[in-house]
Amino acid sequence: MNEKYKKLIGEAEQARKKAYTPYSKFKVGAAILTSEGRIFSGCNIENASFGLTICAERVAVFKAISEGFKKFEAIAIIADTIRPCYPCGACRQVILEFGEDITLIMANLKGDIKINKIKELLPEAFNKNDLL
Ligand code: THU
């Protein structure tokens, strides 16, 4: 795996430490790489009103968008899971919004890694082309 992706996983792992998860205790970290080479990270943030919880991936994406970046190359996701941690369906849809060729790097703390394009993980997805 290339150094860029290793660094991205490292940033996701650091962000995971900041997860706010008093209810599930399940910490997730994410880091997204823009085509300009910038990295934005995110962690999951839970709420006493459980449905208001936001996943790490969406925090990372929304941070990047709100800072004016919307072209993405890859996003890394990491959690303390048996297999590499895959993004939930809602996060897949949000990632796909910004490009079907974005690379997803799924990881866990043991060092297992899986790589897929977002379009492979959300085939036949509803997308913005359907609206135009
Ligand atoms: N979670 C994420 O942050 N990303 C995912 O893709 C799946 C789930 C979080 C939400 C919640 O805080 C905890 O993991 C358990 O579902």
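Residues numbered from 1 in each chain as written. Predicted model: local features only at pLDDT ≥ 70, side-chain atom pairs only at ≥ 80, totals over all residues. Heavy atoms only, no water.

Asks: Help me understand the packing of aromatic side chains, please; the structure alone is not making it clear to me.
Replies: For any pair of aromatic rings, the description rests on two quantities: the centre-to-centre distance and the angle between the ring planes. Applying the stated rule across the entire model yields three aromatic pairs. Geometrically, the ring pair formed by Tyr23 and Phe50 is tilted, given 5.4 Å between the ring centres and 45 degrees between the ring planes. Of this pair, Tyr23 sits in the loop between helix H1 (3-16) and strand S1 (28-34) while Phe50 sits in the loop between strand S2 (39-43) and helix H2 (56-66), and the two are 27 residues apart along the sequence. Measuring from ring centre to ring centre gives 5.4 Å for Phe40 and Phe69, while their planes differ by 45 degrees; the resulting arrangement is tilted. Of this pair, Phe40 sits in strand S2 while Phe69 sits in the loop between H2 and strand S3 (72-79), placing them 29 residues apart in sequence. The exposure class assigned to Phe40 is buried, which follows from its relative accessible area of 7%. Note on Phe69: relative accessible area 15%, which makes it buried. (Phe/Tyr/Trp six-rings, centres within 6.5 Å; stacked < 30°, edge-to-face > 60°. Helix = DSSP H or I, 4+ residues; strand = E, 2+ residues; numbered from the N terminus. Buried < 20%, exposed > 50% of the residue type's maximum accessible area, 1.4 Å probe, protein only.)

Asks: Sorry, what's going on with a nonpolar patch on the surface here?
Replies: A contiguous nonpolar surface patch, about 430 Å² in accessible area, is contributed by Tyr20, Tyr23, Ile45 and Phe50. A relative accessible area of 40% means that Tyr23 is categorised as partly exposed. (Patch = residues over 30% accessible without salt bridge, like charges linked within 9 Å, V, L, I, M, F, W, Y side chains within 5 Å. Areas by Shrake-Rupley, 256 points an atom, 1.4 Å probe, with all protein chains shown as cover. Salt bridge = Lys/Arg side-chain N within 4 Å of Asp/Glu carboxyl O.)

Asks: Got a minute to help me understand the state of the cysteines in this structure?
Replies: Simply put, the disulfide is a covalent bond whose two ends are the sulfur atoms of two cysteines. One pass over the structure, following the stated rule, counts zero disulfides. Summary of cysteine pairing: Cys43 is not part of a disulfide, and the nearest cysteine sulfur, belonging to Cys55, is at 11 Å. A relative accessible area of 11% places Cys43 in the buried class. (Disulfide = S-S within 2.5 Å.)

Asks: Would you mind going over the site of the ligand with me for this structure?
Replies: The ligand sits among Ser24, Phe26, Val28, Asn44, Glu46, Thr53, Cys55, Ala56, Glu57, Tyr86, Pro87 and Cys88. Contact with the protein chains hides 77% of the accessible area of the ligand, taken as 370 Å² for the molecule alone. (Near = heavy atom within 4 Å.)

Asks: I keep staring at the UniProt feature "binding site: Zn(2+)" (unreviewed entry) in the protein chain and nothing clicks. Help me out?
Replies: Mapped onto this numbering, the UniProt entry annotates "binding site: Zn(2+)" (unreviewed entry) at Cys55, Cys88 and Cys91. For the residues just named, distributed over 37 residues, the greatest C-alpha separation is only 8.4 Å, placing them together at one site. Assignment of secondary structure puts Cys88 in the loop between S3 and helix H3 (89-96). In this structure Cys88 touches Cys55, Glu57 and Arg58, once residues within four positions along its chain are discounted. By secondary structure assignment, the location of Cys91 is in helix H3. For Cys91, a relative accessible area of 1% translates into the label buried. Excluding residues within four positions of it along the chain, Cys91 makes contact with Cys55, Glu57 and Arg58. (UniProt positions renumbered as here; feature names shortened; annotations may be inferred. Contact = heavy atoms within 4.5 Å.)

Asks: Is there a simple way to explain H2 in this structure?
Replies: A turn of α-helix holds 3.6 residues, and therefore any two residues three or four places apart point the same way. Buried within H2 we find Ala56, Glu57, Arg58, Val59, Ala60, Val61 and Ala64. The secondary structure elements touched by the buried residues of H2 are S1, S2, S3 and H3. Two residues or fewer after H2 comes Gly68, characterised by a positive phi angle close to 95 degrees.

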